Amino acid sequence: MLLSGRLPLSSLIDLCRTLRHYLGAGLTLRDVFRQQAQKGSLAIRPVAARIAERLEHGDDLESALENERHAFPPLFLALAGVGEQTGNLPEVFAELEKYYRLQQKLWRQFIAQIRWPALQFGMAVAVITLLIWILGIIADTRGGQPMDPLGLGLTGTSGAITFLAGALGFVAGVFGLYLFVTRVLRQQGPVDEFLLWLPAIGPCLRALALARFCLALRLTTESGMSITKALRLSLRATGNGAFIARIPIVERTLKAGDELAVALARCRIFGNEFINIVAVGEESGRIAEVMEHQAEYYGEEAAHRLKLLAQVAAWGVWLFVAALIIFAIFRIYSLYLGAIDAAAGGVF
């Protein structure tokens, strides 16, 4: 959030609630954003002030938000434009508020579940760092050769610092590599597609993307816009590069006269079960109702998948910590036995 300039979820929820309430009461968009520029959260105020200024100059909401793409998630941008075109902004912001509340709940649950494994990892790194440092101090006071508990040539104060920097640097390096590939090299689509096929992580990301897709498709189809535009906005609303990359395929398929289910099938990213459900909804003319149910289903599925992901991460961290500590213990024990054998050999 901080690195991207994206508004935090709490600010988005407050903004959606305020827009829903005041627009439903008859205030104009310009009045609401001017009010938010003065009384909104600290994160919202500068963004709201710029939007209010553009609205005062005659721009519509979609154009005003376009200049603030860095601050808002794709789902918000896509559905706000739909609500403005159809005159259903209060209803759209009500749905967005409900969705972001769910996302906030899921995120808090994930943080609560991952807190202990993260603490375990930090404690393991701290213990190994202290072990390297203390063994070095002991060796210095006795004038002997310091023990190398990890067998990596890391001893004493310099070794402890190197190990700590390496452990923290690895975590930061993985995150930095992701940012470099997705933002500098602009390879968000391939990266997101790769992540979708990873165990534990992939199903969770897919459920979150499908929940957004279903919510967006429901609101766009209810607006009466063309199915091509509805699907384009809905795929963008997922915020997932793998889904967004399928927009050209969907547009070509629909322009050729094929049905919605066929277009989604050719994307090769939606499951057969989901495509069958879409086909049933399309044949019965109840796409909006079907997508409403599917959005709820994938919201629940995302909660389940996030819980599973947290459990997998917890076991992964625990196994890593256990392996690291066991290796260090055996390494120290073997060095200790070696020292005893050397001493015994010297005596005899």
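See the structure shown above.
Residues numbered from 1 in each chain as written. Predicted model: local features only at pLDDT ≥ 70, side-chain atom pairs only at ≥ 80, totals over all residues. Heavy atoms only, no water.

Caption draft 1: The arrangement of empty space enclosed by the protein in detail. For the coordinates displayed, the defined rule picks out one cavity of 30 Å³ or more. Its volume calculated, the largest cavity comes out at about 30 Å³. Contributing to the lining of the largest cavity are Tyr99, Leu102, Gln103, Leu106, Leu208, Ala211, Gly299 and Ala302. If you tally residues by element for the lining of the largest cavity, the top one is helix H6 (residues 89-142), at four residues. Residues that form the lining of the largest cavity fall into these classes: six nonpolar, two polar and no charged. (1 Å grid on protein atoms, 1.4 Å probe; cavity = no way out; pocket = protein on both sides within 12 Å on 5 of 7 lines; lining within 4 Å. Points joined across faces, edges and corners; volume = space filled by probe spheres on them. Helix = DSSP H or I, 4+ residues; strand = E, 2+ residues; numbered from the N terminus. Nonpolar A, V, L, I, M, F, W, Y, C, P; charged D, E, K, R; others polar.)

Caption draft 2: A look at the side chain of Thr238. Within the secondary structure, Thr238 sits in the loop between helix H10 (227-237) and helix H11 (241-244). Ignoring anything within four residues of it in the chain, the contact list for Thr238 reads Ala209, Arg212, Phe213, Phe243 and Ile244. (Contact = heavy atoms within 4.5 Å.)

Caption draft 3: Inspection of a negative patch on the surface at higher detail. On the surface, Glu289, Glu292, Glu296 and Glu300 cluster together into a negatively charged patch. Within the fold, Glu296 resides in helix H15 (residues 287-347). A relative accessible area of 46% places Glu296 in the partly exposed class. (Patch = residues over 30% accessible without salt bridge, like charges linked within 9 Å, V, L, I, M, F, W, Y side chains within 5 Å. Areas by Shrake-Rupley, 256 points an atom, 1.4 Å probe, with all protein chains shown as cover. Salt bridge = Lys/Arg side-chain N within 4 Å of Asp/Glu carboxyl O. Lys, Arg positive; Asp, Glu negative; His and termini not counted. Charge placed at Lys NZ, Arg CZ, Asp CG, Glu CD. Buried < 20%, exposed > 50% of the residue type's maximum accessible area, 1.4 Å probe, protein only.)

Caption draft 4: Representation of H10. All of the buried residues in H10 are Thr228, Ala230, Leu231, Leu233, Ser234, Leu235 and Ala237. Tucked inside the fold, the buried residues of H10 contact helix H5 (74-86), helix H9 (201-222), H11, helix H12 (247-255) and helix H13 (260-267). Following H10 by one or two positions, Gly239 adopts a phi angle in the positive range, close to 70 degrees.

Caption draft 5: Here's a closer look at the packing of H5 against H10. Interhelical geometry of H5 versus H10 gives an angle of 150 degrees and a closest axis separation of 7 Å. With respect to H10, the axis of H5 lies roughly antiparallel. Two secondary-structure elements touch here, H5 through Pro74, Leu75, Ala78, Val82 and Gln85 and H10 through Lys229, Leu233, Arg236 and Ala237. A per-class count over the contact of H5 with H10 returns six nonpolar, one polar and two charged. (Axes fitted to C-alpha atoms, helices over the stretch in contact; angles between N-to-C directions. Parallel < 35°, antiparallel > 145°, perpendicular 65-115°, else oblique.)

Caption draft 6: Layout of the pattern of salt bridges. The final tally for this structure, using the stated rule, is 15 salt bridges. The closest approach of N and O atoms between Glu68 and Arg50, which form a salt bridge, is 2.8 Å. Of this pair, Glu68 sits in the loop between helix H4 (61-66) and H5 while Arg50 sits in helix H3 (residues 44-56), and the two are 18 residues apart along the sequence. Relative accessible area serves as the criterion here: at 35%, Arg50 is assigned to the partly exposed category. A network of salt bridges, in which partner residues are shared, links Glu95, Lys98, Arg218 and Glu222.

Caption draft 7: Focus on the packing of helix H1 (residues 9-24) against helix H2 (residues 29-39). Across the interface, H1 lies against H2 with an axial gap of 10 Å and an inter-helix angle of 140 degrees. Taken together, H1 and H2 sit at an angle that is classed as oblique. Two packed elements cross with a definite hand, and for H1 against H2 that hand is right-handed. On H2, the residues that touch Leu15, Thr18, Leu19, Tyr22 and Leu23 of H1 are Leu29, Val32, Phe33, Gln35 and Gln36. Of the residues assigned to the contact of H1 with H2, the class counts are seven nonpolar, three polar and no charged. (Left-handed = near helix turned anticlockwise from the far one by under 90°.)

Caption draft 8: A nonpolar patch on the surface, seen in detail. Residues Leu130, Trp133, Ile134, Ile137 and Ile138 make up a contiguous nonpolar surface patch of about 410 Å² in total accessible area. One can find Ile138 in helix H6. For Ile138, a relative accessible area of 36% corresponds to the partly exposed category.

Caption draft 9: Structural context of the packing of aromatic side chains. This model, assessed by the stated rule, comprises eleven aromatic pairs. For the pair Tyr99 and Tyr100, a centre-to-centre distance of 5.5 Å together with 65 degrees between the ring planes defines the contact as edge-to-face. With respect to class, Tyr99 is no different from Tyr100; both count as buried. On the basis of an interplanar angle of 15 degrees and a centroid distance of 5.5 Å, the ring pair of Phe270 and Phe274 is categorised as stacked. Each member of the pair, Phe270 as well as Phe274, is classed as buried. Among the aromatic residues, those joined into a cluster by ring pairs are Phe213, Phe243, Phe270, Phe274, Tyr297 and Tyr298. (Phe/Tyr/Trp six-rings, centres within 6.5 Å; stacked < 30°, edge-to-face > 60°.)

Treat this as a map of the structure, not an account of what it does.
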